[in-house]
Amino acid sequence: MALSLLYNPVDYSSAHGELIFTLLEDAKPFNSTLYPDYKYVCDVYIAGILETRLVAFPRPNDKIGFFDIGNVVRNYLYPFFAPVAASMRAQKVGEDYFYTNVTCRFGEEYGNTTYTNIIVDTQRTYFNHYNGRLIGQNTILGNYLDKALSTRPYATPVYRGAKFCFIPFLPTDDTTINLVVRAYNGTTQVATATVPYTPTATSSNEMQLFNVSPTAINAASPGLISSYIEYYTVQFSTTNITDDSVYRFNLICEAKYDVHTVHFMNRFGGFESKDFSKVSRRSLAVEKSDYGAAPYLINSSGVPEYYNTQKVYRETRRNYAGTWKEKMTLNSDFLTDDEYTWLEDLMLSPIVYVEIGDYFYPITITDSNYEPKKSVNDDLTNLTINIEYGDRFNTQYR
C-alpha cells in the first residue's frame, strides 16, 4: 500500500489558472471496511506557512484524488506599481508580488484520523500572469525566459517628451542584463550606450521593470536622445539567450493635443505604456440628491412670499448632496495590426493608470468590447478608449 503523486503543475504555471495535483493510494480507498470514509488530504504551505488544508474524496471509478489549488494560491499575490522616476530600471518585483512559492504536503484521512506529510512535494513557483487560449502547451511564460515580457511589436511610436515608457523583463538568474540603446537620424546610427543592470542574486524569478523613455535614457546617458534623433532602438541582452529582445521607438512631437500616457499591467504581470496623442475629451458623470419644498413662505402678516426682499425666489427642489466622477475619451494615433493585438492586454488589464504630471492616477477602461482591427479590412484606424477615474468627489452638502 502506497500513496503516490501522479501529476503536478508544470514549471512557470499561472496562479490564475488551474493548478492540479492528482494522487492515488493503490489499496486503502478500495477497502472501505478497514479504511472507512477514506479521503485524500492536501496541506498548502505558502512561503513556508501552512495556509489551508484541502480534503478530497476518491473518484468512484478509479479512486484517484485530485486538488486544484489555484483559487488558494492566487489570493497570495499582491501586484503593485511603484516606478522610480528618471531611472531605466524603474522597479524590481519578486516574491508575493510577481510570483509566490508554494509547497504541498499530501496525506490521507480515514476512521476519523488524519495522517499528514506522507508525501512532501518540492517547492513550486507560480506566477502572476494569465494564459488565455493555449494551443499545445500548459503555460505561456516559459516562452519568455530571459526576454521582454511583452507582445509589443518591434516598432512603436513614443512621445519625445515622455518620462515613462515601461517594458518588463524576466531573467532566470543573476546574470547582468545589458540595455543597449542605439540612436538614429535617418539610417545613420548617431550614438550608442550600454547600460548594465544586475538582478538580485537570491531571486532568479524577479521581474525587472525597465523605463525606456527618452527622459530615462538621457538620465542614464546624457544627450543620447538629442533633438535631431528620429528614432532609437533598445536591445535587452543577456548571456542566456541568442535571440535578444529588440524594440524600436519612433519619436513623435505633438504640439496640437495633450498627450495622455496610459500604463497597464499586461498578461505577464508586468507594466507597459501607451501614448494617446490625439484629441481627448473630458466629461463629468454627476449624481445629485434633492428633496421638494413649498414655493412660498408665510410671513408674520399671513401673506405667502414667493421671493425675498432681494427678489430671490425660494427653491422648490433643494439639492442637499452631489457627487461626480471624471471621465475621458482618449484617442491614439493610427495603429498597425500588431499594435491592435498588443493592446488587447490594455483592454483586459485589471490595473491601469493614466500619467498626469509626475503622478499616476488609477483609472478603469469602461469599454466592454474590443475589436482588434486589421488594415486589410479597415485601412489604418486609431484606437478610442473611454476611461473613468477611480476617485469620486463630493460637492457642498446642505
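Calculation rules
Residues numbered from 1 in each chain as written. Predicted model: local features only at pLDDT ≥ 70, side-chain atom pairs only at ≥ 80, totals over all residues. Heavy atoms only, no water. Salt bridge = Lys/Arg side-chain N within 4 Å of Asp/Glu carboxyl O. Helix = DSSP H or I, 4+ residues; strand = E, 2+ residues; numbered from the N terminus. Buried < 20%, exposed > 50% of the residue type's maximum accessible area, 1.4 Å probe, protein only. Polar contact = N/O pair within 3.5 Å; in protein donor to acceptor, adjacent residues only side chain to side chain. Contact = heavy atoms within 4.5 Å. Disulfide = S-S within 2.5 Å. Pairing = 2+ DSSP bridges. 1 Å grid on protein atoms, 1.4 Å probe; cavity = no way out; pocket = protein on both sides within 12 Å on 5 of 7 lines; lining within 4 Å. Points joined across faces, edges and corners; volume = space filled by probe spheres on them. Nonpolar A, V, L, I, M, F, W, Y, C, P; charged D, E, K, R; others polar. Core = buried A, V, L, I, M, F, W, Y, C linked by side-chain atoms within 4.5 Å.

Student: An account of the pattern of salt bridges is requested, with residue identities and associated values reported.
Tutor: For the coordinates displayed, the defined rule picks out 17 salt bridges. Between K327 and E388 there is a salt bridge, with the nearest N and O atoms lying 3.8 Å from each other. Note that K327 is positioned in strand β24 (residues 317-335) and E388 in strand β27 (residues 381-389), a separation of 61 residues in sequence. Residues joined by salt bridges that share partners form a network here, namely D37, K39 and E109.

Student: Quick one: what's the story with the side chain of Q208, residue by residue and with numbers?
Tutor: Here Q208 lies in strand β16 (residues 207-211). Residue class for Q208 comes out buried when judged on its relative accessible area of 0%. Among the polar contacts made by the side chain of Q208, one reaches the side chain of R89 at a distance of 2.9 Å. A polar side-chain atom of Q208 sits 3.2 Å from the main-chain carbonyl oxygen of E206. Leave out the neighbours within four places in its chain, and Q208 touches R89, Q91, K92, I167, P168, F169, P171, I177 and P199.

Student: Hey, could you go over the state of the cysteines for me, with residue numbers and the actual values?
Tutor: Scanning the entire structure with this criterion turns up zero disulfides. Considering cysteine sulfurs only, C42 is the nearest to C104, which forms no disulfide, with 4.0 Å between them. On the accessibility criterion, C104 (2% relative accessible area) is buried. The closest cysteine sulfur to the non-disulfide-bonded C165 is located on C253, 15 Å from its own sulfur.

Student: Tell me what's going on with the sheet that holds strand β11 (residues 147-148), and back it up with residues and numbers.
Tutor: What the four strands build is an open sheet, ordered β7-β16-β13-β11; its pairing is antiparallel. Two strands bound the open sheet, and with one partner strand each, they are β7 (89-93) and β11.

Student: Talk me through the environment of N331; I want residue IDs and the actual numbers.
Tutor: Of note, N331 is situated in strand β24. Taking the C-alpha atoms as reference points, N331 and Y40, separated by 291 residues in sequence, lie 55 Å from one another. Within the structure, N331 has its side chain in polar contact with the backbone oxygen of V279 (distance 2.9 Å). One polar contact links N331 to T384, side chain to side chain, over a distance of 2.4 Å.

Student: Could you give an account of the layout of surface pockets, naming the residues involved and the relevant values?
Tutor: What the largest pocket holds in volume is close to 230 Å³. Lining of the largest pocket is provided by 15 residues; of these, S13, G17, E18, N131 and N138 occupy positions nearest its centre. Broken down by class, the residue content of the lining of the largest pocket amounts to six nonpolar, eight polar and one charged. Roughly 180 Å³ of volume is contained in the second largest pocket.

Student: Lay out the nonpolar core with the relevant residues and their values.
Tutor: Here is a general trend for soluble globular proteins: nonpolar side chains tend to be buried in one another's company. Within the largest apolar cluster, 27 residues are counted, with the highest numbers of intra-cluster contacts made by M88, L179, V212, Y232, V234, F236 and F249. Broken down by secondary-structure element, the contributors of at least two residues to this core are β13 (166-170), β14 (177-185), β15 (188-197), α2 (214-220), β17 (231-237) and β18 (245-252). Ranked by residues supplied to this core, first place goes to β14 with four residues. Residues in contact with F236, not counting those within four places in the same chain, are I167, F169, N178, L179, F210, V212, D244, S245 and Y247. In terms of nonpolar packing, the next biggest core, distinct from the first, is built from 23 residues, F21, A56, I119 and Y126 among them.

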